[in-house]
Amino acid sequence: MRLMRSGSFSSLDVVPDSNDVVSAHNPDSTSSNGKTYRFDKLFLQRFHRLLRLLFRSTPGTPFYTMSKEARQSSVFWLYIIFLGLACGTEWLVYYVGLIPSRFYTLLSAKDQGGFLAFMIPCLLLIFGVAAGKALVVYTGGLLALKIRRLLTNHLHNRYIQPKIMYTLVLAHSHVDNPDQRIAQDIDKFAETVRLILEKLIISPFLVVLYTWQCWSVAGFLGPSLIYLYFLLGSLLSRRFIQPIVSAVFYKELQEGNFRFLHVRLRQFAESIAFAKGEYEENTRAKASLNTLLGYQRSIVNKQLSLQLANQTFSYFGSILSYLIVAIPVFAGVFDDKDPGELSGIISKNSFVSMYLIFLFSTIIDQSDKISVLAGYVARIGELLEAIDEIDNDLDSVRMESIDQEQDPVDWIVFEKVSLLSPRGKHIVTDLSLEIKDGQHIVLMGPNGSGKSSLLRALAGLWSCSNGRIQVPKLKYGKDLIFLPQMPYLVQGSLRDQLAYPSLSTTAGMTDQDVRLLLQQVRLSHLENMIDSFDTAYGSEWDKLLSPGEQQRLVFARLFYWKPRFAVLDESTSAMDSDTESYLYQTAKDMNITLISVSHHPNVVQYHHRKLVLDGEGHFIVDYL
Ligand SMILES: Nc1ncnc2c1ncn2[C@@H]1O[C@H](COP(=O)(O)OP(=O)(O)OP(=O)(O)O)[C@@H](O)[C@H]1O
């Protein structure tokens, strides 16, 4: 992985580089990071964790103990309805299965009255089964939706959190594509669970029912033969499942990389066009597609042997059912029956044993889906574990800072701060500095000297290796606002842009406020370019405004919230110098204390001090 940086901490991106593609290119190798994903204890633990989330059962208590609220907000009731419908339908299926046997007997006895009378229950049963199966599919669909909603909401609540998302995306390189895991893998997990649940959960009950039926006709030997057959089948399919689990995991990783590549092509279409980089990009896209298809092909290959084993198992099973019926027939158990009754009994018995074998083959057939499920469980479980890890680290940092807690400060204080980059480069050593209200300060120094890094530490995104940075208790959430060089425009309306990071619905911003803000950042003409202040423009904002205009638009947030401190990290770099001066002066007039990073000499005059970094850990603080 390599880090792409375009000027400020908010615009850092983790980009899979060509080495990732190459290292993961061999789909038959275990993995690109040395991990293997299997159907094993770890899978069961992770799956159990996801089930707990879905049933909202409290960790540490038995799975089946749930509060009333948990039952209502979890998949519990939907699952019970789904299960009830599936069981009811199977019960009807049993009677439908007995219909041919009854017809054999009635036809052999030439019983016309009985035949006609039997037509009505027969039709009712068939209609019942049809309706039952349709309802099972319908509730299964609802169940998959609820599973997706619960898991995705849970992951959103854990992932889109201060410091968690930043650390996971920028510093946790071993968890690839968290976005894909949330947006796509959970959906596929929900769909696979739905398919498996119906078969696997009801099958054990049906197995008991049909075993009993089979036993009552063929004796002990009948079900025993079928059970032995199942044992052999499951051992065989387990042998073929393992390699597929890993392959599914790495195929999804490549799916994520492939999609990301296209997102970047869209994002940087203009830069690529200027650079005439289409040939290079096309070559990369082809390489990425080849890697992805390599994994997909390896899954298809591995599924061939699994399918071969499963299909043989299923078809051989149908012959086994006649073998089982043959045992009592040849043993003379039914010698006293006339041919009509005997064909009815044979029909019923072969249905019962065939259905028992069918149940077992259905369970074996699920192995294919379980192997796919295990891949998704690994991806979602791994993401949750990475978040846990970051959360635990943050907790220990929080505990440490509570231990060290001293008197609250009234302004920003850097106390003997030493800061290292994640790769160990010295940014500053022993920096002590106070920034009181009105003491505007500008950070200067060559590229890469660590100006943005110091701001990352101020924002609490990076930890100091020594010393500490104290920020006064902020009275209103917006007392300290950061404006990066690359403006972050939300996918919403103009009012949304201005109110960010609050929702425009809660910010109470009037139309008059909007007009005043546009005027203050010299963007009044924007009102004529849009339908209304509340029309959402999605990602169109990037095309609607030039980079300099985008910087002006996010500056308006500063004027709306009027924070005590504003951290401006080259946030006027794309503006003309006249607008830049005007905006700096307006911010100062609003009593906003400025902490700026800029390479523009024009900006320096708006500050009282400058902090100059040399990139080797040394610094100078000078009054201007
Ligand atoms: N996420 C990261 N992981 C590893 N090193 C990083 C990371 N972010 C920044 N660095 C390193 O920290 C150093 C300082 O980077 P920083 O972005 O703070 O420089 P800067 O002074 O703001 O540069 P510029 O003037 O170009 O914006 C650089 O050498 C960079 O390679």
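Please read all numbers here as calculations on a predicted model, not as lab measurements.

Undergrad: Which parts of the structure should I look at to understand the site of the ligand?
TA: Taken together, 20 residues surround the ligand, and among them Gly448, Gly450, Lys451, Ser452 and Ser453 come closest. Contact between the ligand and Gly448: an oxygen atom at 2.9 Å from a main-chain N or O atom of the residue. Within the backbone of Ser449, one N or O atom sits 3.2 Å away from an oxygen atom of the ligand. When the free accessible area of the ligand is taken as 640 Å², the share hidden by the protein chains comes to 83%.

Undergrad: I would appreciate a short explanation of the domain arrangement of the chain in the present structure.
TA: One frequent convention defines the size of an interface as the accessible area lost when the parts assemble. Along its sequence, the chain is organised into domain 1 (41–389) and domain 2 (412–623). Taking only C-alpha atoms into account, the centre of domain 1 sits 52 Å from that of domain 2.

Undergrad: Quick question: what am I supposed to make of unusual backbone geometry here?
TA: A negative phi angle is the norm for most residues apart from glycine, just as the trans form is the norm for most peptide bonds. Omega for the peptide link from Tyr500 to Pro501 comes to 15°, which places this bond in the cis form. Following the sequence through the fold, Pro501 ends up in the loop between helix H13 (494–499) and helix H14 (504–507). Within the chain, Lys562 stands out as a residue other than glycine whose phi angle is a positive 40°. Along the chain, Lys562 turns up in the loop between helix H18 (547–561) and strand S8 (565–569). Of the residues examined, Lys562 reaches a relative accessible area of 48% and is grouped as partly exposed. One non-glycine residue with positive phi stands out, namely Asn591, at about 60°. By the element assignment, Asn591 lies in the loop between helix H19 (577–589) and strand S9 (593–597). Taking the relative accessible area as the measure of exposure, Asn591 reaches 66% and is therefore exposed.

Undergrad: In this structure, what is going on with the UniProt feature "transmembrane region" (unreviewed entry) in the chain? I would like to understand it.
TA: This chain's UniProt record puts "transmembrane region" (unreviewed entry) on residues 76–96, 116–145, 195–212, 218–236 and 312–333. Here residues 76–96 runs as 100% helix and 0% strand, with 30 Å between its end C-alpha atoms.

Undergrad: Explain the sheet that holds strand S11 (residues 619–623) here, please?
TA: Sheet strands pair by backbone hydrogen bonding; their relative direction is either parallel or antiparallel. Pairing is mixed across the open sheet formed by 6 strands, whose spatial order is S7-S8-S9-S5-S10-S11. Only two strands of the sheet have a single partner each, and these edge strands are strand S7 (480–483) and S11. Recorded for the sheet is a direction-independent mean angle of 15° between the axes of neighbouring strands. Across the face of the sheet, H18 comes into contact with S7 and S8 while running at roughly 170° to S7.

Each value, and the rule that gives it
- Residues numbered from 1 in each chain as written.
- Predicted model: local features only at pLDDT ≥ 70, side-chain atom pairs only at ≥ 80, totals over all residues.
- Heavy atoms only, no water.
- Near = heavy atom within 4 Å.
- Polar contact = N/O pair within 3.5 Å; in protein donor to acceptor, adjacent residues only side chain to side chain.
- Areas by Shrake-Rupley, 256 points an atom, 1.4 Å probe, with all protein chains shown as cover.
- Domains from an automatic or database assignment.
- Helix = DSSP H or I, 4+ residues; strand = E, 2+ residues; numbered from the N terminus.
- Buried < 20%, exposed > 50% of the residue type's maximum accessible area, 1.4 Å probe, protein only.
- UniProt positions renumbered as here; feature names shortened; annotations may be inferred.
- Pairing = 2+ DSSP bridges.
- Axes fitted to C-alpha atoms, helices over the stretch in contact; angles between N-to-C directions.
- Contact = heavy atoms within 4.5 Å.

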